Amino acid sequence: VIDLGLERVCLALKKLGEPHEQLKVVHVAGTNGKGSVCAFLSSILVSSGFKVGKFVSPHLLSRRDSITINGEAISETEYEEFMEQVQGTQEGLEAEMKLTNFESLTVLAYLYFWRKGADFAIIEVGLGGGLDATNVMRRPLACAITSIGYDHQNLLGNTLTEIAGHKCGIMKCGVPVVVGPQVEEVTRTIKEQADRTGAKLIQATASTPAAKQGYAVSSDGVEYPLPLCGDFQLENSAVAYQVLCQLRDQGVSVSKEQMLQGFANTKWPGRCEWKDVNGIGKVLLDGAHNEQATIALRKYIDTIPDRVSKKVLWVLGATQGKDLDVMLKNLVSTGDIIYSVPFVTPDNMPWVRCTAPEEFLKRASEGALDWDKENSLALLNLEQALETITKTQKYEKYIIVIAGSLYLISEFYRRENK
């Protein structure tokens, strides 16, 4: 169950010796792009010779994936060992004071990074900001807030001002906070909150594409590799670059060569990622599930050279509660096909439920979409969707895209790893 608040986490961490306060933390919030910023920063710091813990969510294959040091997930043995210590803090507590699943994972991450002697901990906010379980450190080295848009309105509010207010909850007095490009309403809220808390506000300007393919140029003229696809990475990489500048100002030693190598080495699976699938060829994976992300994904697809001659075949799955009308409107263009599929509820996340495949097609039929209804299907699972694409040779005339939820992308990876 999602139950935002800090009291339970702080109590558990106190019993464990407050490991979070022994770490040099970079804390990253936002609606879209925060995982990419964490990926860039951790890669750069690892390339600079540091031992770097990274905590992100949701996981891709197992809960252990959320907790890594220098790209290596915590082992099964150590996960169980550290989780036993975390659970030991729960003895004798009333039910309402016991940690939720995500809170337990967060406490474990802080404890693991501390015990393993991590030089830095890159921490991604789970949901919101101010009341998120990760927001327990008194003074991180730096904070970052990526693009803010509509998502989780049932918990964060129905206006961008309300949502931004939650995200700004990670700001701390005197701590630099790097903010990516935002709409005016959000920018106003961020400035007001920075003034109120005394945080040092740094506005990151999106980088621009370099003349050299696969490179970008920062607002101060530094050219760097940009291996992740999509124009939105010009914003995310700019936020990471400015956070790095703040760390350097605090004495963190990262040379230009190490920075460039770190950018070049960055990987972030399931986000605008091309994968080769046997019998099909290249398939695009993206966990886009909210308004901003789906607009960005469609924009990227429309830049693909093949798009001139090909429509898109969408393999879509979504969690219950997502705005399917907005998703379909942003993603589906004239002549596109929809294969809607369910996904399995992730381990230890019983609150996550998938939308029935038939609901996708029902919503598409009710909307004003000019889609290929005749060839669209509601299917049993992702495997059946890929088999159907292979048998009908749809890959010859369509760009194949799997999207709508990171939980669906997780199923793709589990299939590939069999």
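For the structure, check the block above.
Everything quoted here is computed from the prediction, not taken from an experiment. (Residues numbered from 1 in each chain as written. Predicted model: local features only at pLDDT ≥ 70, side-chain atom pairs only at ≥ 80, totals over all residues. Heavy atoms only, no water.)

1. Digging into the sheet that holds strand β10 (residues 215-217)
What counts is decided by this rule: In this description, strands pair whenever DSSP reports at least two bridges between them. Helix and strand definitions here come from DSSP, where helices need a minimum of 4 consecutive H or I residues and strands a minimum of 2 consecutive E residues; each element is numbered from the N-terminal end. For this analysis, residues touch if any pair of their heavy atoms sits within 4.5 Å. Lines fitted to C-alpha atoms define the axes here, with helix axes fitted over just the stretch in contact, and angles between the N-to-C directions of these axes take values from 0 to 180 degrees.
Strand order in the open sheet formed by three strands is β9-β10-β11, and the pairing between neighbours is antiparallel. Edge strands, defined here as strands with exactly one partner in the open sheet, are β9 (208-209) and β11 (223-225). Its contacts with the sheet place helix α8 (residues 232-249) against β9, β10 and β11, and it is angled at close to 110 degrees to β11.

2. Considerations on the side chain of Asp132
Defined as follows: Burial status follows relative accessibility: with a 1.4 Å probe on protein chains alone, a residue under 20% of its type maximum counts as buried, one over 50% as exposed, and anything between as partly exposed. For the purpose of charge, His is not counted, nor are the chain termini; Lys and Arg are scored as positive and Asp and Glu as negative. Salt bridge, as used here, is a side-chain nitrogen of Lys or Arg placed within 4 Å of a carboxyl oxygen of Asp or Glu. Residues adjacent in sequence count toward polar contacts only when both atoms are side-chain atoms; beyond that, a polar contact is any pair of N or O atoms within 3.5 Å, and within protein one must be able to donate a hydrogen and the other to accept it.
Following the sequence through the fold, Asp132 ends up in the loop between β5 (120-124) and β6 (142-145). Here Asp132 occupies a buried position and makes no salt bridge, while the nearest side chain of opposite charge, Lys167, is found at 8.7 Å. Side-chain polar atoms of Asp132 contact the backbone nitrogen of Leu127, separated by 2.9 Å. Only 2.6 Å separates the side chain of Asp132 from the side chain of Thr134, close enough to count as a polar contact. Other than its neighbours up to four places away in sequence, Asp132 contacts Leu6, Phe102, Val125, Gly126 and Leu127.

3. Structural notes on the nonpolar core
Convention followed: Here, nonpolar core means buried Ala, Val, Leu, Ile, Met, Phe, Trp, Tyr and Cys residues that are tied together by side-chain atoms lying within 4.5 Å of each other.
Residues Leu45, Val243, Leu247, Val254 and Met259 are the most contacted members of the largest nonpolar core, which totals 38 residues. Listing elements by their share of this core, those giving two or more residues are β1 (25-29), α2 (34-47), β5, β6, α8 and α9 (256-265). Of all the elements, α8 adds the most residues to this core, at eight residues. Setting aside anything within four residues of it in sequence, one finds Val254 in contact with Ile44, Leu45, Ser48, Phe50, Leu244, Arg248 and Met259. Within the second largest apolar cluster, 29 residues are counted, among which are Ala12, Val107, Ala118 and Met137.

4. Description of the sheet that holds strand β16 (residues 377-378)
One open sheet holds the six strands; their spatial order is β12-β13-β17-β14-β15-β16, and the pairing between them is mixed. What marks the edges here is a single partner per strand, and that holds for β12 (273-277) and β16. Examined bridge by bridge, strand β14 (residues 311-316) and strand β15 (residues 337-340) share four bridges and lie parallel to one another. Across the sheet, residue Leu316 finds its bridge partner in β15, namely Ser340. Lying over the sheet, helix α12 (residues 357-366) contacts β14, β15 and β16, oriented at roughly 150 degrees with respect to β15.

5. Description of helix α10 (residues 291-301)
Turning to α10, its buried residues are Ala293, Thr294, Ala296, Leu297, Arg298, Tyr300 and Ile301. Summarising the contacts, the buried residues of α10 are in contact with α8, β12, β13 (281-286), β14, α11 (324-331) and β17 (398-403).

6. Looking at α11
Heads up, the rule is: This arc describes the spread of directions from the helix axis toward the C-beta atoms.
Inspection of α11 places Leu324, Met327, Leu328, Asn330 and Leu331 among the buried residues, and these make up the whole buried set. Buried residues in α11, looked at end-on, bunch into an arc of 170 degrees, giving them a common side.

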